[in-house]
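# Fold and contact review
One letter stands for each residue in the lines below.
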Amino acid sequence: MNFVTLMLICVALLIVAYFTYGKYLERRLKIDGQRTTPAHTFYDGQEYIPTKTPVLLGHHFTTIAGGGPITGPIAAIVFGWLPAVLWIIIGSIFVGGTHDYASLQASIRHKAKSIGEVIKEHMGKRGQLMFLAFSIATLILIIGVFIILVANTFVSFPGAATASLLFIAVAMGFGVLVNQVRIHLALATLLGVVAMALSVWIGLSFPITLSATAWSLILIVYAYFASVLPVWFLLQPRDYLNSFLLYFLIGGAFLGLLIARPTIQMPAFTGFYNDTLGFLFPILFITIACGAISGFHSLVSSGTTSKQLNNEKNGRFVAYGSMLIEAFVAIIAIGSVAYLTLDQFNALMAELNDPISVFSVGIGHFMNTWGLPVAAGVTFTALAASAFLMTTLDSATRLMRYAVTELGESINVQLLRNKHTATVLGLIGATTLALSGTWQSVWPLFGAANQMLGALALLAITLWLVKTKSKALFVIIPMVFMFIVTTSALLVMMHSNFLAGDYLLVGASFILFVMCVFLGIEGARSVTKPKNKQKPTDLNQKVKWSSSQVFAGLPSLPPPSPLMQPLFLVLAVFSSRSQD
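Reading the values: the criteria
Residues numbered from 1 in each chain as written. Predicted model: local features only at pLDDT ≥ 70, side-chain atom pairs only at ≥ 80, totals over all residues. Heavy atoms only, no water. Helix = DSSP H or I, 4+ residues; strand = E, 2+ residues; numbered from the N terminus. Buried < 20%, exposed > 50% of the residue type's maximum accessible area, 1.4 Å probe, protein only. Contact = heavy atoms within 4.5 Å. Areas by Shrake-Rupley, 256 points an atom, 1.4 Å probe, with all protein chains shown as cover. Salt bridge = Lys/Arg side-chain N within 4 Å of Asp/Glu carboxyl O. pLDDT = per-residue confidence, 0-100. Core = buried A, V, L, I, M, F, W, Y, C linked by side-chain atoms within 4.5 Å. Phe/Tyr/Trp six-rings, centres within 6.5 Å; stacked < 30°, edge-to-face > 60°. Lys NZ or Arg CZ within 6 Å of the ring centre and 35° of its normal. Patch = residues over 30% accessible without salt bridge, like charges linked within 9 Å, V, L, I, M, F, W, Y side chains within 5 Å. Axes fitted to C-alpha atoms, helices over the stretch in contact; angles between N-to-C directions. Parallel < 35°, antiparallel > 145°, perpendicular 65-115°, else oblique. Nonpolar A, V, L, I, M, F, W, Y, C, P; charged D, E, K, R; others polar.

### Considering the overall build of the chain
A tally of regular secondary structure across the chain gives 24 helices and two strands. Buried residues in the chain amount to 61% of all 580 residues. Looking at the chain alone, contacts between residues at least 24 apart form 86% of all its contacts between residues at least 6 apart. If you sum the accessible surface of the chain, you get close to 21,300 Å²; carbon and sulfur atoms cover 68% of it.

Pasting the structure below:
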């Protein structure tokens, strides 16, 4: 099969989804363009800033994309390209897109607070504290893994390292010009893009060669400053300018694939079991996170994006649109290796050590079809990929700081409320992880934690919708699916790591499993128990009565098992609907 045919089919499906299912989500979430957003209500010039839609799209897209839509699909292609493509398309449209867009709007309706605050309001403080602990643990994993991937990329492609460092200075200059000097966005963008092109040339001409450990330490220092500086000075402009790198990469790769028209040599399906990853279910669904659904996206939507959204009507373009663009990047990642045989792919992975480098080699060769030298194409692709990774790294550090600060406010520990202390404490754990230098051993645990975070965000959105008497089936279905996938994955990881003697990963998997089961139980209880004593006509009372009817006559039975709690939640919600 020719890959171009597959790629064009995927593009068509994603475009149709934006204008159909995206509009459906807009109606279900009751979007109101006349409602004032928190960016205006709580404007402070630091975190809450009404932002032009192209700038916010650049920030949001580059932050959520990271290396996930490249690393995950390439790692999962050992099951064959067909399962990976199906999960990317179906997941992004109905699961990930729903998750991202609904997370943004849930935050907007709660004063741009985090998903943890949404959980606190609709589930209680215990649920909030557990969610924050889960979020912090996941963010530490994300930061650690992405430091490793960026450092490895810089070692493999030193020119990309030089250009990336120069980008930081360009971004800060852009932030000053737009937000302090107040020059027109179009002119500032033109100057910024020219400066970035010059940075690429300098990077190719004067590569910086350092060890992976040295780059890891430099990246940790960078992440600290990205977390504590005003969002308009570094984080937002860097993400916006980097988006042009990403757009060029996508466009260049798309054009190269159209010209090359590579034949897919990778098998469509290799079987339900792989010696390296394990069983297709549930491992495929946690290996491919970004590109289908990623819990990290909910932290971005409710952490930085909701504080910058100028109008609710822009949410579909920024959140749902970004998810679909990310899915296309994941399809491109499939194309970067699908032209290889399975043996050639395994040999290239063994030689280059990480998926980002493999992706760079593939796309670099495709770009050569329209005139870009192979060496320049490979280095540029690595540079753009590292830009993906660094935008996730810096934003994840800031989001971790938000989570630690929110935890400090909840438990009334003043030290944790300080942004410098919150950032440093989180980076200590990430540094320990990053200096291990091995992304392969951490990625499965990161994938499981990340996907469980998505399931918990969908749980929070479900509670918000149910308690505001809104239809929630479009969120409940992906929520239940993700709970099943991620709890199964954690159980599988506990078993496989126990057999392998890796008791550290066994313990980490067990802790994550207990935390997510607890939150599932708390979520079910919050739906079946009214928040306050209210009239019998209140929705909470209806849910309590309806769920009790489900188990009427069975008083001696024990409560539903933890793994069945999400299904119990669905049953309670539907029972309440039947009484309306």
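Having seen it, we continue.
### Concerning the pattern of salt bridges
On inspection of all chains with the given rule, the structure shows eight salt bridges. The residue Lys-313 makes a salt bridge to Glu-26 at a minimum N-O spacing of 4.0 Å. Taken together, the positions of Lys-313 in the loop between α13 (295-303) and α14 (315-338) and Glu-26 in helix α1 (residues 3-28) put the pair 287 residues apart, joining distant regions of the chain. Classification of Lys-313 as partly exposed rests on a relative accessible area of 45%. Across the pair Arg-398 and Glu-47 runs a salt bridge whose closest N-O atoms are separated by 3.2 Å. Highlighted residues: Arg-398 in helix α17 (residues 374-411) and Glu-47 in the loop between α2 (38-41) and α3 (53-65), separated in sequence by 351 residues. Given the relative accessible area of 0%, Arg-398 is considered buried. The network of salt bridges with shared partners includes Lys-23, Glu-26, Lys-313 and Arg-316.

### Looking at the confidence of the model for the chain
Taken residue by residue, the chain gives an average pLDDT of 84. The fraction at 70 or more is 89%. Low pLDDT (under 50) marks residues 533-580, which in the prediction has 70 contacts with non-local residues, meaning those over four places away or in another chain.

### Brief notes about the environment of Leu-187
Take Leu-187: it is sitting in helix α9 (residues 185-205). Given a relative accessible area of 44%, Leu-187 falls into the partly exposed group. The spatial distance from the C-alpha of Leu-187 to the C-alpha of Leu-177 is 9.8 Å, given a sequence separation of 10 residues.

### Here's the deal with the nonpolar core
Residues Tyr-320, Ile-334 and Phe-345 are the most contacted members of the largest nonpolar core, which totals 185 residues. By residue number, the principal contributor to this core is α17, which donates 18 residues.

### Considerations on the packing of aromatic side chains
Under the counting rule described, the total for this entry stands at 23 aromatic pairs. Centre to centre, the rings of Tyr-18 and Phe-19 are 5.1 Å apart; their planes meet at 90°, and the pair counts as edge-to-face. With relative accessibility at 17%, the residue Tyr-18 sits in the buried group. A network of ring pairs unites the aromatic residues Phe-61, Phe-174, Tyr-240, Phe-244 and Tyr-247 as a single cluster. Across from the ring centre of Tyr-402, 5.0 Å away, lies the NZ or CZ of Lys-307, which sits over that ring. Across the ring face of Tyr-18, the terminal group of Arg-316 is positioned such that the distance to the ring centre comes to 4.5 Å.

### Observations concerning the environment of Phe-157
Inspection of the secondary structure puts Phe-157 in the loop between α7 (125-156) and α8 (158-181). Measuring from C-alpha to C-alpha, the distance between Phe-157 and Thr-379 comes to 6.3 Å, with 222 residues separating the pair along the chain. Apart from residues no more than four positions distant in its own chain, Phe-157 is found in contact with Ser-357, Ser-360, Val-378, Thr-379 and Ala-382.

### Here we look at a nonpolar patch on the surface
On the surface, a nonpolar cluster with roughly 310 Å² of combined accessible area is contributed by Leu-8, Leu-255, Leu-258 and Ile-259. Ranked by the residues each element gives to the nonpolar patch, the list is headed by helix α11 (residues 235-260), at three residues. Among the secondary structure elements, Leu-8 is positioned in helix α1.

### Focus on the environment of Leu-383
Considering the arrangement of structural elements, one finds Leu-383 in helix α17. By relative accessible area, which is 2% here, Leu-383 ends up buried. Along the backbone, Leu-383 and Val-150 are 233 residues apart, and their C-alpha atoms lie at a distance of 9.8 Å. Apart from residues no more than four positions distant in its own chain, Leu-383 is found in contact with Ala-160, Ala-163, Ser-164, Phe-167, Val-200 and Leu-245.

### A closer look at the packing of helix α12 (residues 280-287) against helix α21 (residues 473-500)
Running from N to C, α12 and α21 point in directions that differ by 110°, and their axes come no closer than 9 Å. Classified by the angle their axes make, α12 and α21 are roughly perpendicular. Packed against α12, whose contacting residues are Phe-281, Pro-282, Ile-283, Phe-285 and Ile-286, the element α21 presents Phe-481, Ile-484, Val-485, Ser-488, Ala-489, Val-492 and Met-493 at the interface. Residues that form the contact of α12 with α21 fall into these classes: 11 nonpolar, one polar and no charged.

### Digging into the side chain of Thr-304
Counting through the fold element by element, Thr-304 comes out in the loop between α13 and α14. Apart from the residues within four sequence positions on either side, Thr-304 is in contact with His-59, Leu-299, Arg-398, Leu-399 and Tyr-402.

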